[in-house]
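Notes for the structure review
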Amino acid sequence: MKQNVPVAKGQVYEIAIESLGNSGEGVGRYEGFTVFVPFALPGELISARITLVKKNYAVGTLVDILEPSPHRIEPVCPVYGTCGGCTLQHVTYEEQLRLKTQKVRDIMERIGKTDPDLVQPALGPKQPWHYRNKMQIPVGWGVDSATKLKGETGKTQAKVANELKPVLGFYAMGSHDIVPCTNCAIQNDGNNQIATVCERLIRETGLIPYNEVTGEGVIRHIIGRIGENGWMVIIVSTAKTLPQADYWISEIRKNLPQVTSIVLNHNPRKTNVIMGRDCTLLWGDETISDTIDDLKFRLSPHSFFQVNPEQTLVLYKKALEFANLTGEETVIDAYCGTGTISLFLAKQAKHVIGIEIVEPAIVDAKANAKRNGITNVEFIAADAAKEMPNLVKRGVKADVVVFDPIRAGCKEEVLKAAATMKPKHMVYVSCNPASMARDICVLRELGYEVQTVQPVDMFPMTAHVEAVALITRVED
Ligand SMILES: C[S@@+](CC[C@H](N)C(=O)[O-])C[C@H]1O[C@@H](n2cnc3c(N)ncnc32)[C@H](O)[C@@H]1O
């Protein structure tokens with residue numbers, strides 16, 4: 001049905017904000033027409049200038065807050081508003097948790113066709129700042145803060161082009177323009193130290209930042225990973241060998257003595273996938289290690305590992321509680337990464353099978369089982385969409401199946417194969433509740449129903465929310 005569009009580009013309108021959108025933006029209506037306004041909050045009356053008009057919605061920029069939310073606070077970060085990372089810094093943390101709970105409830109009702117009251121209040125950490133143990137920071141050209149002060153005396157950024165320097169920073173909202181920042185409020189301080197030192201080294205060694213449009217340039221990203229006993233620095237480059245590698249190594253070692261591994265990742269492809277396939281160890285150990293509860297994990301450059309250590313434990317404990325193990329069960333962990341959840345569950349199960357598509361992660365998973373003395377696990381490097389039906393053919397019967405897929409959720413083959421095994425419980429861990437809700441509808445058709453959903457805030461200050469759902473068999 002054609003909707004009347006009551007707003008026009010460039011005009012300012014008063015809008016009552018009703019809810020929070022997917023990226024943390026305020027969502028309101030003007031004469032019934034949906035308008036998205038970044039940085040506006042539910043409960044606020046604001047005025048916004050319309051910047052984009054589509055058939056069914058419009059987008060506006062916040063002009064004035066006429067009636068502010070009582071939960072609005074002053075953001076701490078100097079690049080808040082330009083950097084696309086933390087879109088909720090202007091809300092008290094308590095309210096962030098409430099908004100995230102509401103978001104999962106809305107998704108479960110709208111997409112999952114489920115009673116929203118099954119969703120429990122989101123669990124937050126004691127410390128919502130400086131939690132990220134992994135930083136992937138792009139390199140580009142920019143004006144750093146010292147230069148910017150000069151530029152602000154009338155000259156526009158374009159006019160100070162000859163003052164542009166290689167910078168590290170985060171992508172601006174909705175674009176790949178880099179907002180210079182080496183002191184991020186949600187990064188572990190170790191990552192900020194890595195960013196600061198590497199930015200200086202890029203300038204000193206004259207390495208040219210990669211240009212996504214032309215494909216020219218040498219240095220693309222710096223990745224920092226903070227482990228319990230050491231830090232890893234990964235330099236992502238279009239070059240197979242790092243120019244002036246000895247200088248990089250000696251400076252990193254001198255300035256960042258906690259670094260135990262320096263790796264060059266070769267990514268020559270014109271793609272926005274951050275890492276290429278090949279890694280060369282420049283100095284130190286090939287892996288770093290980290291601990292979750294009493295388990296030790298080794299992490300190689302490509303391995304997935306949850307980014308918020310405090311909340312990872314909260315999430316895994318919830319998954320374990322939902323699995324309701326007695327020690328007699330066969331469990332499948334269908335997207336196992338380095339085997340973290342598998343090993344966590346193995347302590348209370350008879351046998352665990354982990355499946356993971358990234359081969360080096362499976363190498364790590366096997367090593368992790370060995371170093372923790374856990375023998376009742378088996379890890380398979382494969383696509384879950386192929387391996388789950390294989391396991392069915394082999395006659396494997398699971399009592400519990402755990403899914404922890406990427407944002408896109410599970411392929412239908414995975415869900416169908418899981419249901420064919422008739423497990424009593426399924427535990428679905430999701431970084432994208434919308435795809436989880438969609439998959440829950442598929443599982444419903446296969447005889448399963450969601451019992452409870454626990455949101456866990458793994459990403460404070462951002463609009464992302466993780467959730468874990470208990471899904472049980474209702475039909476024989
Ligand atoms: C969200 S991570 C979860 C990893 C692990 N459970 C954890 O908590 O550390 C999702 C994992 O699924 C893997 N993956 C992606 N597509 C896959 C597929 N088709 N089959 C199996 N694993 C896949 C990714 O490589 C990644 O390790």
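This text follows the structure it describes.
Since we're looking at a predicted model, the values are computed, not measured.

**Some words on the site of the ligand**
As a structural note, the neighbourhood of the ligand is formed by 18 residues, with Tyr316, Glu356, Asp383, Ala384 and Asp404 the closest of them. The contact in question runs from an oxygen atom of the ligand to an N or O atom on the side chain of glutamate 356, over 2.6 Å. One of the side-chain nitrogen or oxygen atoms of aspartate 404 is found 2.9 Å away from a nitrogen atom of the ligand. Its residues placed into classes, the shell around the ligand shows 12 nonpolar, 3 polar and 3 charged.

**Observations concerning the sheet that holds strand β3 (residues 33-37)**
Spatially, 5 strands are ordered β1-β2-β3-β5-β4 in a closed barrel, and the strand pairing comes out mixed. Averaged over neighbouring strand pairs, the angle between their axes works out to 50° when direction is ignored. Here β3 runs beside strand β5 (residues 57-67); their pairing, made up of 3 bridges, is parallel. Paired with valine 35 across the strands is alanine 58, a residue of β5.

**Details of the side chain of asparagine 308**
Tracing the chain through its elements places asparagine 308 in the loop between β14 (295-299) and α5 (309-323). Only 3.0 Å separates the side chain of asparagine 308 from the backbone oxygen of methionine 458, close enough to count as a polar contact. The residues contacting asparagine 308, other than those within four sequence positions of it, are Tyr131, Asp457, Met458 and Pro460.

**Remarks on the environment of isoleucine 15**
Its place among the elements puts isoleucine 15 in strand β1 (residues 12-20). Under the relative-accessibility criterion, isoleucine 15 is labelled buried at 0%. Taking the C-alpha atoms as reference, isoleucine 15 lies 8.2 Å from valine 35; in sequence the two are 20 residues apart. Beyond its immediate stretch of four places on either side in the chain, isoleucine 15 contacts Gly28, Arg29, Tyr30, Val35, Glu44, Leu45, Ile46 and Ala48.

**Comments concerning the packing of helix α1 (residues 93-110) against helix α10 (residues 433-445)**
Contact geometry for α1 and α10: axes closest at 9 Å, N-to-C directions at 30°. The pairing of α1 with α10 is recorded here as roughly parallel in orientation. Where α1 crosses over α10, the handedness of that crossing is right-handed. In this structure, α1 uses Val104, Ile107 and Met108 to contact α10, whose residues at the interface are Pro433, Ala434, Met436, Ala437 and Ile440. Tallied by class, residues from the contact of α1 with α10 come to 8 nonpolar, no polar and no charged.

**Comments concerning unusual backbone geometry**
You will see that phenylalanine 39, though not glycine, has its phi angle at about 75°, which is positive. Tracing the sequence through the fold places phenylalanine 39 in the loop between β3 and β4 (45-53). A positive phi angle, close to 75°, is found at methionine 461, a residue other than glycine. Relative to the helices and strands, methionine 461 is located in the loop between β20 (448-456) and β21 (466-473).

**Digging into the side chain of serine 303**
Checked against the element boundaries, serine 303 lands in the loop between β14 and α5. With a relative accessible area of 1%, serine 303 lands in the buried category. Polar contacts involving the side chain of serine 303 include one to the side chain of serine 300, which spans 2.8 Å. Setting aside residues no more than four positions away along its own chain, serine 303 makes contact with Arg225, Thr338, Ala361 and Asp364.

**Description of the packing of aromatic side chains**
Each aromatic ring pair is summarised here by two numbers: the centre-to-centre distance and the angle between the ring planes. In this structure the tally under the stated criterion is 6 aromatic pairs. Ring centres of tyrosine 13 and tyrosine 30 lie 4.7 Å apart, and the angle between their planes is 55°; on these two criteria the pair is classed as tilted. Note that tyrosine 13 is positioned in strand β1 and tyrosine 30 in strand β2 (residues 26-30), a separation of 17 residues in sequence. Judged by its relative accessible area of 11%, tyrosine 13 falls in the buried class. The ring centre of tyrosine 210 lies 4.0 Å from the NZ or CZ of arginine 220, which sits over that ring. Over the face of the ring belonging to phenylalanine 344 we find lysine 347, whose NZ or CZ atom lies 5.1 Å from the ring centre.

**Here's the deal with α1**
End to end, α1 covers 26 Å across 18 residues, agreeing with the expected 26 Å (1.5 Å per residue, within 8%). Buried within α1 are the following residues: Tyr93, Glu95, Gln96, Leu97, Leu99, Lys100, Thr101, Lys103, Val104, Ile107 and Met108.

**With respect to a negative patch on the surface**
Together, Asp106, Glu109, Asp115 and Asp117 give the surface a local cluster of negative charge. Here aspartate 115 lies in the loop between α1 and β6 (134-142).

**Concerning helix α3 (residues 189-205)**
End to end, α3 covers 24 Å across 17 residues, agreeing with the expected 24 Å (1.5 Å per residue, within 8%). Looking only at α3, the buried set comprises Gly190, Asn191, Asn192, Ile194, Ala195, Val197, Cys198, Glu199, Leu201, Ile202 and Thr205. Buried residues along α3 sit against β6, β7 (165-171), β9 (219-226), β10 (231-237) and α4 (245-255). At the exit of α3 stands glycine 206, carrying a positive phi of roughly 65°.

**Quick look at the pattern of salt bridges**
Within this structure, the stated rule accounts for 17 salt bridges. Here arginine 98 makes a salt bridge to glutamate 95, at a shortest N to O gap of 2.9 Å. Of this pair, arginine 98 and glutamate 95 both sit in helix α1, 3 residues apart, roughly one helical turn. Since its relative accessible area comes to 8%, glutamate 95 is described here as buried. Where glutamate 321 meets lysine 318, a salt bridge forms, and the shortest distance between an N and an O atom there is 3.0 Å. With glutamate 321 and lysine 318 both in helix α5 and 3 residues apart, this pair spans about one turn of that helix.

Scoring rules and cut-offs
- Residues numbered from 1 in each chain as written.
- Predicted model: local features only at pLDDT ≥ 70, side-chain atom pairs only at ≥ 80, totals over all residues.
- Heavy atoms only, no water.
- Near = heavy atom within 4 Å.
- Polar contact = N/O pair within 3.5 Å; in protein donor to acceptor, adjacent residues only side chain to side chain.
- Nonpolar A, V, L, I, M, F, W, Y, C, P; charged D, E, K, R; others polar.
- Pairing = 2+ DSSP bridges.
- Helix = DSSP H or I, 4+ residues; strand = E, 2+ residues; numbered from the N terminus.
- Axes fitted to C-alpha atoms, helices over the stretch in contact; angles between N-to-C directions.
- Contact = heavy atoms within 4.5 Å.
- Buried < 20%, exposed > 50% of the residue type's maximum accessible area, 1.4 Å probe, protein only.
- Parallel < 35°, antiparallel > 145°, perpendicular 65-115°, else oblique.
- Left-handed = near helix turned anticlockwise from the far one by under 90°.
- Phe/Tyr/Trp six-rings, centres within 6.5 Å; stacked < 30°, edge-to-face > 60°.
- Lys NZ or Arg CZ within 6 Å of the ring centre and 35° of its normal.
- Expected span 1.5 Å × (residues − 1).
- Patch = residues over 30% accessible without salt bridge, like charges linked within 9 Å, V, L, I, M, F, W, Y side chains within 5 Å.
- Areas by Shrake-Rupley, 256 points an atom, 1.4 Å probe, with all protein chains shown as cover.
- Salt bridge = Lys/Arg side-chain N within 4 Å of Asp/Glu carboxyl O.
- Lys, Arg positive; Asp, Glu negative; His and termini not counted.
- Charge placed at Lys NZ, Arg CZ, Asp CG, Glu CD.

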